[in-house]
Every structure is written in structure tokens, then in C-alpha cells.
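Residue-level structural notes
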Amino acid sequence: MRHTILIFVLLSSFLLNEARTYIVSEKQENFDVESFWTRERRAAAKPARERFEKRFTLKKNKDSENDVPPFGTTLVDRSLYSSSPYLQIGKIYFVDPSNNKEYSCSGSAIGGNVVLTAGHCVTSESSDHGFVRNWVYIPGEYNLTSRYGDWPSIKFYTFQDWITDENFSRDVAFVTVSSTSYFNQTIADVTGYLEISTAPMLNDLVAAVGYSSDVFNGIFMSNTYGLIRGRDDDSNSPKPVFIISNLTTGSSGGPWIKNIDIGGSSGRSNLVVGITSYGYDNDPSLRLFSPYFDQDVIDLWTEAISISVRLTFTYALLVLCLIVLVV
């Protein structure tokens, strides 16, 4: 028994040391989502990436003449919002406490009660890069409405390198969420979820999906198809990958989906291999970048999922205890 306890303590210590590459927020304060995120306030929210545009290096692509033209961005048909993979994609709103302004992003349900998005969709622009507040995910939002509830944040999970260095190669975040609209159900129970995968390969065809602000001010979901063309040699490792796309701000955090299969189930189809993160001003080739999804991204997702499952189990246990006490 003592040996078992010792092994458990050592393993826990090891895992905690490993987790120091990640940052986990404190539990977020509750707020009344419906009264705060009114239709008018959501319509006025600005794309989150606009806060960081001034920090992007302005440069031309050295190989622009060899790049293929964009496939083009199209609106997702309204009839597809209730089908995978679009049912598992939604819009994000939050307030940046550094200026008390409202912003928007995109995200996707990625298992349990976990949403995948960009790191800059959960952190403040302030010098200490604290976390945002009044964060909510609205799956399948269409023209500022949704049939699948509002899912406010519980905790944020992102990389230390993003928090301390604003390293866009680690511009990834996972968010545990909850809902008072669905009794003891996860977002995966309500909408389903997309599978996450690693190591996108050169010439993989992906669909980048999100609420691009240049299309009806981002009130509808857009997608664009593109081949993964290469890496960002001017970035830190692991070097981000890029496609050619004219998706703009507002699509930040939206998934890059490989083997897209409309209406398909999880498995070998609808694999998330990246997210929309950044692009360079004055880049004639319209390169759009995603952090490279390596094992560290999977480890961070695993951490968020494990906490999500424990919270769901604890809640179910508490409900069961209350039922027993009442009976």
C-alpha cells in the first residue's frame, strides 16, 4: 500500500512538472450570459485578432509567384449548420479586461466539455497577458441566434510560450465550458465533437472554417478550402503551417478540417489538424497560418479533457446524492 502511494505521489509530481509548459486559469466567475451578451452587444463585438494586428511583421512572401491562388471563401449553407462538421463549430465572445471592449472569435467542440480556439481568443492584450472575462461559446450561431445554448467558460488552458512571449507558434487554447440549459450534458452530448489530430502534411487538403468578419460582418459561418503549402520560416519552432486563403479576422480559432465529410461521424473523417491564427499584412499571396499541431498540443488537450470529465462526473455524483437525500 505504501509503495502504491509513493508511486502515485512521484507520478503526480512528474506530471505537475511537465504541466509547467502550460498555463491553466483560475475558475472563471459566473455571469448572466443572456442579459450580458445581448444581440446588440454581439453584433458590435470586434474580431479579436485586431488587437494584435499591429504586432505582425509586414513583409512580402519570398515565393509568392509560386503560390496557388486561393480556392475562395464561401458561406456555409444554412441547411448544413445542423450537420457535422459545422454543428461542432461556433462563435466565441469575450471582454478584454485591459480595455473593457467586446471581441469575437471562432472555435469548435473537441470532446467532453472542451472547446478548441486560438490563444489570442482567451488572453488579454495587457502587458501581463491575463485572461479575458465573460467568455462564451455559441455553437452553430447563425445571424446572431443559436438553437444549441450558450456555453460560458470554466477554465482556460494555453501554452506558457503564448502567455509570456506571445509566440504565435503556440497560439492555441482549450476551454472547459458549462451550460445551465442542458441538465448534466456535455457540449459533446448536445452537438457532437470533432476529432483532433497531429502532424498536418504538405499538400493535405483542409477546410478552414470560421466567422470571417469580411462576410456580412461575421454573422454567418464561412469556409475555404486550401492545400497546406509549407511552413513559416520566420516563426519560432514548431514552425506554423499555412494555406492560401482570404479568410479574415473573426475566423481566429476556427478549425482546419482534414478529410471533411459533411454529415460524417468521427473517426478518419473531419479531423482537426490546425486552427486559424494569423496572417501578414501586405502579403500578396494571402497566406493564412496555423500553429503546427504536435504532441504538446495533444497533451494540452488531454489535460483539458481529463479535467472536463472529472467535473462532469463530480456534478453527476452530487446530483445523485441530492436525489438520494430527497428520497
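Shown above is the structure to which this text applies.
Residues numbered from 1 in each chain as written. Predicted model: local features only at pLDDT ≥ 70, side-chain atom pairs only at ≥ 80, totals over all residues. Heavy atoms only, no water.

One finds Phe94, Trp135 and Phe174 to be the most contacted residues of the largest nonpolar core, which totals 71 residues. Ranked by the residues each element gives to this core, the list is headed by helix α6 (residues 295–326), at six residues. Residues Ala208, Ile228, Ile243 and Leu247 belong to the second largest nonpolar core, which totals ten residues. (Core = buried A, V, L, I, M, F, W, Y, C linked by side-chain atoms within 4.5 Å. Buried < 20%, exposed > 50% of the residue type's maximum accessible area, 1.4 Å probe, protein only. Helix = DSSP H or I, 4+ residues; strand = E, 2+ residues; numbered from the N terminus.)

In this structure the tally under the stated criterion is 16 aromatic pairs. On the basis of an interplanar angle of 85° and a centroid distance of 5.0 Å, the ring pair of Phe36 and Trp37 is categorised as edge-to-face. Among the residues examined, Trp37 registers a relative accessible area of 3% and is labelled buried. For the pair Trp135 and Phe156, a centre-to-centre distance of 6.0 Å together with 70° between the ring planes defines the contact as edge-to-face. (Phe/Tyr/Trp six-rings, centres within 6.5 Å; stacked < 30°, edge-to-face > 60°.)

Bringing the pattern of salt bridges into the picture now. This model, assessed by the stated rule, comprises six salt bridges. Across the pair Asp283 and Arg287 runs a salt bridge whose closest N-O atoms are separated by 2.8 Å. Residue Asp283 shares its accessibility class with Arg287, and that shared class is buried. Salt bridges linked by common partners bring Arg170, Asp294 and Asp296 together as one network. (Salt bridge = Lys/Arg side-chain N within 4 Å of Asp/Glu carboxyl O.)

The subject of this paragraph is the pairing of strand β7 (residues 133–139). A large share of β7 lies buried, amounting to six of its seven residues. Relative to β7, strand β4 (residues 89–96) runs antiparallel, the two sharing five bridges. Counted as the bridge partner of Val95 is Arg133 from β7. The pairing of β7 with strand β8 (residues 151–159) spans two bridges and is antiparallel. Across the sheet, the residue bridging to Val136 is Pro152, located in β8. (Pairing = 2+ DSSP bridges.)

Moving on to the sheet that holds strand β13 (residues 230–231). Sheet architecture is open: three strands sit in the order β13-β14-β17, paired in antiparallel fashion. At either end of the open sheet lies a strand with only one pairing partner, and these are β13 and β17 (287–290). Strand direction decides the pairing type here: strand β14 (residues 241–244) and β17, joined by four bridges, are antiparallel. Pairing of Val241 across the sheet is with Ser290, part of β17.

Counted under the stated rule, the structure contains one disulfide. Shown here is the disulfide that connects Cys105 with Cys121, its sulfur atoms set 2.0 Å apart. On the sign convention where negative means left-handed, the S-S torsion of about -80° between Cys105 and Cys121 marks this disulfide as left-handed. Here Cys121 lies in the loop between β6 (114–117) and β7 and Cys105 lies in strand β5 (residues 101–109), a separation of 16 residues in the sequence. Cys105 gets classed as buried once you look at its relative accessible area, which sits at 0%. (Disulfide = S-S within 2.5 Å.)

This paragraph deals with the sheet that holds strand β10 (residues 195–196). Strand order across the open sheet formed by six strands is β3-β12-β11-β15-β16-β10, with mixed pairing between neighbours. The sheet terminates laterally at β3 (73–75) and β10, the two strands that pair on one side only.

Right, let's get into the side chain of Ser290. Relative to the helices and strands, Ser290 is located in strand β17. A distance of 2.9 Å separates a polar atom in the side chain of Ser290 from the backbone nitrogen of Ile275. When neighbours within four sequence positions are excluded, Ser290 is seen to be in contact with Pro240, Val241, Trp256, Gly274, Ile275 and Ser277. (Polar contact = N/O pair within 3.5 Å; in protein donor to acceptor, adjacent residues only side chain to side chain. Contact = heavy atoms within 4.5 Å.)

Bringing the side chain of Asn167 into the picture now. Tracing the chain through its elements places Asn167 in the loop between α4 (160–165) and β9 (173–177). One polar contact links Asn167 to Asn236, side chain to side chain, over a distance of 3.4 Å. Every residue in contact with Asn167, bar those within four places of it in the chain, is listed here: Asp161, Trp162 and Asn236.

Our next topic: the pairing of strand β11 (residues 205–210). Most of β11 is tucked away, with five of its six residues classed as buried. As judged from the six bridges shared by β11 and strand β12 (residues 222–227), these two strands associate in the antiparallel manner. Along β12, the bridge assignment pairs Val206 with Gly226. Alignment of β11 against strand β15 (residues 255–258), held across three bridges, turns out to be antiparallel. Note that in β15 the partner of Val206 across the bridge is Lys258.

This next bit is on the environment of Tyr211. Along the polypeptide, Tyr211 turns up in the loop between β11 and β12. Sequence separation between Tyr211 and Ile92 is 119 residues; the distance between their C-alpha atoms is 9.5 Å.

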